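Fold and contact review
Chain residues, written in single-letter form:
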Amino acid sequence: MKYSQQEQEKCFTVCETYKQYLNQAKTERECVSLIVSQAKEKGFIDLQEYIHGKKIKPQDKIVVNFMNKCVALFQVGNQPLENGLNILGAHIDSPRLDIKQNPLYEKEGFAYLDTHYYGGIKKYQWVATPLALHGVIVKKDGSIISISIGEKSEDPVFVISDLLPHLASNQLNKTANVVIEGENLDVIIGNEVNKECENALKENILKILLEQYDITEEDFVSAELEIVPAQKARDLGLDRSMIIGYGQDDRVCAFTSAMAMLEQEESDRWSCCLLVDKEEIGSTGATGMHSLFFENIIAELMALTQGESYLKVRRALQNSKMLSSDVSAGYDPMFADVFEARNTAFLSKGITINKYTGARGKSGCNDANAEYLAKLRQLFDEAHVSYQFAELGKVDAGGGGTIAYIMANYGMEVIDCGVAVLNMHAPYEVTNKADVYEAYKAYKAFLNWK
């Protein structure tokens, strides 16, 4: 893509902001905290204030924090809510290792935390690399202790050990899916020092946790702690054309959607940026897209603006347009055999539109209609957005899903539209800066769509 000097500077500014977001928010809770904080700085008002008496008027900006795992940003349009919303929907959870409820143990001179992997990962990619510990511990009295260890230069980091190649002849004969087993993804957090009695190492770790973080062993059962890569997002390549960092699936779309929403000016239709949890494990649970929390929010907004009406809530949802802002598999010449070059996403070619995802015979996909595609083409052309069309690899090579099909259940127009990614679901994923910028432009144009 060819940019003017001014637009190239804007591209780099957007990408620097995006990298800061990646570094500040490595868990879904941290994403919600960051976006809510920035929204309130931009004048967004909590929905609860309206529920308790504040009147909604056109162009008001509203923020909803749902269970600290999802966030929805709204801008009130001049049109009634019944006419629908322009929705940018992305997910903010990423593959990781979750700490189990009874995780701490000592074994032959090492102290470990036991983990359970979350989402689709290649387990062997998580060994022998610096790891950080993020999350919250909720005490019995309801107080919350936030944890972030491994991000500051003076912090310790953690690691999952791997076998040295000199002794790995048997290991290297295993298939990739079992070369490292799930129950062996335990994180080293200490080593034997001046052992005085049985379990002295574990007791020392517990002493450190109590003194530095006010955490007891029993507190782990009411905790949400995540092991994530410790390194920060950085420029990749001598030309600095790419970004490498953790969690870009799907935070590259989530953060650019949020950036577009926070910069939204006066809008005719209602607009919304919806960032949700649990997509990587099927969008289940109270904070996944299968939950009714978003529908409930629309019902609240309808009651505040047009009166309580089940029918008008259904109309608002059906009359909405949505971009399921999710990433696509970027073409990798090193693994060309799983891609079909005429229908694949290339880095540096702009935002990617996936008419359908799913697997094999389009199983589990949304498959947007042609009329909606034509309207989007016109919208993006008028906004000078570079875009491409793609599938998720060759037919029968695999597949994947997004939240698109769930929102399509309301009868709204939905299509997947996001950034091409290399190394998807690896600890460090790769995007192209121009694609990040084109996504930001596309999302801004979509929010203003009449």
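Refer to the structure above for everything that follows.
Residues numbered from 1 in each chain as written. Predicted model: local features only at pLDDT ≥ 70, side-chain atom pairs only at ≥ 80, totals over all residues. Heavy atoms only, no water.

**Quick look at the layout of surface pockets**
- If you add up the space inside the largest pocket, you get close to 1000 Å³.
- As for the largest pocket, its lining consists of 37 residues, of which A329, L392, G399, M424 and H425 are closest to the centre.
- Per-class residue counts for the lining of the largest pocket are 14 nonpolar, 17 polar and six charged.
- When its volume is computed, the second largest pocket comes out at roughly 380 Å³.
- What lines the second largest pocket is a set of 16 residues, and nearest its centre among them are Y112, I160, S161, I180 and N184.
- A class-by-class count of the residues in the lining of the second largest pocket yields six nonpolar, three polar and seven charged. (1 Å grid on protein atoms, 1.4 Å probe; cavity = no way out; pocket = protein on both sides within 12 Å on 5 of 7 lines; lining within 4 Å. Points joined across faces, edges and corners; volume = space filled by probe spheres on them. Nonpolar A, V, L, I, M, F, W, Y, C, P; charged D, E, K, R; others polar.)

**Let's talk about the packing of aromatic side chains**
- In total, this model carries 14 aromatic pairs according to the counting rule given.
- Both rings, one in Y331 and one in F339, keep their centres 5.4 Å apart while their planes meet at 65°; by these two values the pair is edge-to-face.
- For Y331, a relative accessible area of 22% corresponds to the partly exposed category.
- Overall, F339 belongs to the buried group, its relative accessible area being 11%.
- Judged by centre distance (6.1 Å) and plane angle (25°), the ring pair of Y437 and Y440 falls under stacked. Here Y437 and its partner Y440 are both found in helix α10 (residues 433-447), three residues apart, which amounts to about one turn of the helix. (Phe/Tyr/Trp six-rings, centres within 6.5 Å; stacked < 30°, edge-to-face > 60°. Buried < 20%, exposed > 50% of the residue type's maximum accessible area, 1.4 Å probe, protein only. Helix = DSSP H or I, 4+ residues; strand = E, 2+ residues; numbered from the N terminus.)

**Quick notes on the pairing of strand β6 (residues 110-118)**
- Bridging between strand β5 (residues 96-107) and β6 involves eight bridges; their strand directions are antiparallel. Residue pairing for β6: Y105 is matched across the bridge by Y112.
- Pairing geometry for β6 and strand β9 (residues 187-191), over four bridges, is antiparallel. Along β9, the bridge assignment pairs F110 with N191. (Pairing = 2+ DSSP bridges.)

**Notes on the packing of helix α6 (residues 293-305) against helix α7 (residues 310-318)**
- At their nearest, the axes of α6 and α7 sit 10 Å apart, and the two run at 120° to each other. Where α6 crosses over α7, the handedness of that crossing is right-handed. Seen from α6, the contacting residues are F294, E295, I298, A299 and M302; seen from α7, they are K312, V313, R314, A316 and L317.
- Taken together, the residues of the contact of α6 with α7 break down into seven nonpolar, no polar and three charged. (Axes fitted to C-alpha atoms, helices over the stretch in contact; angles between N-to-C directions. Left-handed = near helix turned anticlockwise from the far one by under 90°. Contact = heavy atoms within 4.5 Å.)

**A word on the pattern of salt bridges**
- Considering all chains together, one arrives at 25 salt bridges under this definition.
- Between K444 and E263 there is a salt bridge whose closest N-O contact spans 3.1 Å. A residue pair is termed long-range when its members are at least 10 positions apart, and K444 in helix α10 and E263 in the loop between α5 (248-262) and β13 (270-276) qualify at 181 residues.
- By relative accessible area, which is 28% here, K444 ends up partly exposed. (Salt bridge = Lys/Arg side-chain N within 4 Å of Asp/Glu carboxyl O.)

**Some remarks on the pairing of strand β22 (residues 429-432)**
- The two faces of β22 match: E429 and T431 on one face and V430 and N432 on the other face are all buried.
- Pairing of strand β12 (residues 242-245) with β22, which is carried by four bridges, proceeds in the antiparallel orientation. Note on β22: the bridge partner recorded for M242 is N432.

**As for the side chain of D249**
- Mapping D249 onto the fold places it in helix α5.
- Lacking a salt bridge, the buried D249 has R251 as its closest oppositely charged neighbour, with an N-O distance of 8.9 Å.
- For D249, the side chain forms a polar contact with the side chain of H91, separated by 3.4 Å.
- Apart from residues no more than four positions distant in its own chain, D249 is found in contact with H91, D93, S94, P95, E280, D326, V327, M424, H425 and E429. (Lys, Arg positive; Asp, Glu negative; His and termini not counted. Polar contact = N/O pair within 3.5 Å; in protein donor to acceptor, adjacent residues only side chain to side chain.)

**Remarks on the sheet that holds strand β2 (residues 61-66)**
- Strand order in this open sheet of nine strands is β1-β2-β3-β13-β4-β14-β20-β16-β18, and the pairing throughout is mixed. Pairing within the sheet leaves two strands with one partner each, and these edge strands are β1 (45-46) and β18 (387-389).
- For β1 and β2, the ladder comprises two bridges, and the chain directions are parallel. Following the sheet pairing, D46 is matched in β2 by V63.
- Each of β14 (321-324), β16 (351-354), β18 and β20 (413-418) is contacted by helix α8 (residues 370-382), which is oriented at about 50° to β20, the strand it contacts most.

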